[in-house]
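Residue-level listing of the chains:
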Amino acid sequence: MEYDEKLALFRQTRLNPFDRGEEEDGPQEGKTPQQHETRPELFSGGRTRSSDRTMDLGLAEDHFSRPVGSFVASDIEQLKLAIEECKKLILELPEHSERQKDTVVKLIHLRLKLQELKDPEEDEPNLRVLLEHRFSKEKSKSVKQTCDKCSTIIWGLIQTWYTCTGCYYRCHSKCMNLITKPCVRSKVSHQSEYELSICPEIGLDRQDYRCAECRAPVSLRGIPSEARQCDYTGRYYCSSCHWNDIAIIPARVIHNWEFEPRKVCRSSMRYLALMMPRPVLRLKEINPLLFNFVEELVEIRKLRQDILLMKPYFITCKEAMEARLLLQLQDRQHFVENDDMYSLQDLIDISSGRLSCSLTEIHTTFAKHIKLDCERCQAKGFVCELCKEGDILFPFDSHTSVCHDCSAVFHRDCYYDNSTTCPRCARMTERKQDDV
């Protein structure tokens, strides 16, 4: 293509990157002002003017403004041709020269403009509901995100995108009508349980060599798409549904006390993240032998049992209710309801030692209120009726034993060494007989 033809082609575009416009000093007297001045050196590479003026690539133009009117396919094609010419010019210009740097900047502007024409911004609603997803329109323009549907980057500066408030699924506005995956939070609400088998693989042939989620063809050789196994479900997924994210697998924690993160698919990663704080693991039924090998579990169980014994003191104490002592466990509400249910986050914190430190501190605060700070709580203590010696006893003390029938508290040595029945139980039985 000759130079004149190239120049005519770029003048047809709305964003001609090589138009110079009018001279900065205005037209000279006696001469007709020209709309454009040709720049042969922009295409020749080796030919330069003696003045070596700085190349003007239209950098003063606002490439991010919204063009007026609608665009047809020819506008996009002409922008693509302009981009290709810029790329050729970058290769012809000297390395690290100012002219090459200006051309690179212009290329970036043209590409952003092309993307804007492909994805025009529309008046999108702030909230959309689809397949139990509750998509909220995002306003962030600088945070780099990736679309969970098409696996491409979301350019927040020029593209509209949404995030599900339930499972944090992110996607372009243009990809929303293509979504086929329901919200994971609905699964968490209806089926709050883990897969407790370690990587329950069924084989790629049982999946008919297709992705377990989108049913796209996959193979171990990577043709047409690589088959990636999810360590949580044991199934194989395509690269669009499995991004090699890693997560801690509950089955490996419960059976092997192993916390090494494994590769999981996108849906499993979201499900495990939402299930992390939910207390759905009853360890003494799933794997009771775990307490024989993990000392930290025994320590945490004892602290939780003590807190349950302290709870009746707090709910009947005005000062404790005003101080809201039980709210110190608001992040682990199940600790004041039972002593045998655990969440995956509890087990992770037990392994790291964080839970032991925080729970011991809370236990000390609770015991201090009952035994030292509050007179009403102190008055609810017990005196050992077997030896009638020593200080006031409480059921959560480490050296005490509690009668299972009447909840009376004794010294551990006194209660187990005495062969008689509990004195309090005996009095209660005798009183009932007298009433009869």
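Please refer to the structure placed before this passage.
Predicted model, so just to flag it, every value in this text is computed and none were measured. (Residues numbered from 1 in each chain as written. Predicted model: local features only at pLDDT ≥ 70, side-chain atom pairs only at ≥ 80, totals over all residues. Heavy atoms only, no water.)

**Student:** Which residues make up the layout of surface pockets, and what values do they have?
**Tutor:** Volume-wise, the largest pocket comes out at about 450 Å³. Lining the largest pocket are 23 residues, and of these Lys187, Thr233, Ser267, Ser268 and Tyr271 lie nearest its centre. Elements that contribute at least two residues to the lining of the largest pocket include exactly α5 (184–190) and α7 (266–275). The leading source of residues in the lining of the largest pocket is α7, at four residues. In terms of residue class, the lining of the largest pocket is built from 10 nonpolar, six polar and seven charged. (1 Å grid on protein atoms, 1.4 Å probe; cavity = no way out; pocket = protein on both sides within 12 Å on 5 of 7 lines; lining within 4 Å. Points joined across faces, edges and corners; volume = space filled by probe spheres on them. Helix = DSSP H or I, 4+ residues; strand = E, 2+ residues; numbered from the N terminus. Nonpolar A, V, L, I, M, F, W, Y, C, P; charged D, E, K, R; others polar.)

**Student:** Got a sec to walk through the state of the cysteines? Specific residues and values, please.
**Tutor:** What the rule picks out here adds up to zero disulfides. Note on Cys147: no disulfide assigned, nearest cysteine sulfur contributed by Cys150 at a separation of 3.5 Å. This cysteine, Cys211, is not joined by any disulfide, and Cys214 carries the nearest cysteine sulfur, 3.7 Å off. (Disulfide = S-S within 2.5 Å.)

**Student:** Provide a residue-level description of the pairing of strand β5 (residues 161–164), including the pertinent values.
**Tutor:** The alternating pattern of β5 places Trp161 and Thr163 on one face and Tyr162 and Cys164 on the opposite face, and all of these are buried. With three bridges connecting them, strand β2 (residues 133–137) and β5 associate as antiparallel partners. Residue pairing across strands places Ser136 opposite Thr163, the latter belonging to β5. Taken together, the three bridges between β5 and strand β6 (residues 170–172) define a ladder with antiparallel strand orientation. Of the residues in β6, the one forming a bridge with Tyr162 is Cys171. (Buried < 20%, exposed > 50% of the residue type's maximum accessible area, 1.4 Å probe, protein only. Pairing = 2+ DSSP bridges.)

**Student:** Mind laying out the environment of Cys199, listing which residues take part and the relevant values?
**Tutor:** One can find Cys199 in the loop between α5 and β7 (228–229). Taking relative accessible area as the criterion, Cys199 reaches 18% and is therefore assigned buried. Beyond its immediate sequence surroundings of up to four residues, Cys199 is in contact with Gln229, Cys230, Asp231, Gly234 and Arg252. (Contact = heavy atoms within 4.5 Å.)

**Student:** Run through the pattern of salt bridges, naming residues and quoting values.
**Tutor:** In the structure shown here, the tally under the stated rule is 21 salt bridges. One salt bridge connects Arg252 with Glu258, and the closest N-O pair in it is separated by 4.0 Å. The exposure class assigned to Arg252 is buried, which follows from its relative accessible area of 12%. Overall, the relative accessible area of 18% leaves Glu258 in the buried class. One salt bridge in this structure joins Asp373 and Lys368, with 3.0 Å as the shortest N-O distance. Asp373 gets classed as partly exposed once you look at its relative accessible area, which sits at 45%. By relative accessible area, which is 43% here, Lys368 ends up partly exposed. One continuous salt-bridge network, built from bridges that share partners, spans Asp148, Asp245, Arg266 and Arg270. (Salt bridge = Lys/Arg side-chain N within 4 Å of Asp/Glu carboxyl O.)

**Student:** Account for the nonpolar core, naming residues and giving values.
**Tutor:** In this structure, Leu283, Leu297 and Leu347 are the most contacted members of the largest nonpolar core, which totals 72 residues. With seven residues, helix α10 (residues 295–315) is the largest single contributor of residues to this core. Leu297 has contacts with Trp257, Leu283, Leu290, Phe291, Tyr342, Leu347 and Ile350, leaving out every residue within four places of it along the chain. (Core = buried A, V, L, I, M, F, W, Y, C linked by side-chain atoms within 4.5 Å.)

**Student:** Before we move on, could you go through the sheet that holds β2 and cite the residues and values that matter?
**Tutor:** Two pairing modes exist for strands in a sheet, parallel and antiparallel, and in both the strands are linked by backbone hydrogen bonds. Strand order in this open sheet of four strands is β1-β2-β5-β6, and the pairing throughout is antiparallel. The sheet terminates laterally at β1 (127–130) and β6, the two strands that pair on one side only. For this sheet, the mean angle separating the axes of adjacent strands, direction not counted, is 30 degrees. (Axes fitted to C-alpha atoms, helices over the stretch in contact; angles between N-to-C directions.)

**Student:** How would you summarise the packing of aromatic side chains if you had to cite specific residues and measurements?
**Tutor:** Inspection of every chain in the model, using the stated rule, returns seven aromatic pairs. Note on Trp257 and Phe259: the rings are 4.9 Å apart at their centroids and 85 degrees apart in plane angle, and the pair reads as edge-to-face. You can call Trp257 partly exposed: its relative accessible area is 21%. Take Phe259: its relative accessible area is 18%, and that puts it in the buried class. The interplanar angle of 80 degrees and the centroid separation of 6.3 Å between the aromatic rings of Tyr313 and Phe396 together place this pair among those described as edge-to-face. Here Phe396 lies in the loop between α14 (375–378) and β13 (400–402) and Tyr313 lies in helix α10, a separation of 83 residues in the sequence. (Phe/Tyr/Trp six-rings, centres within 6.5 Å; stacked < 30°, edge-to-face > 60°.)

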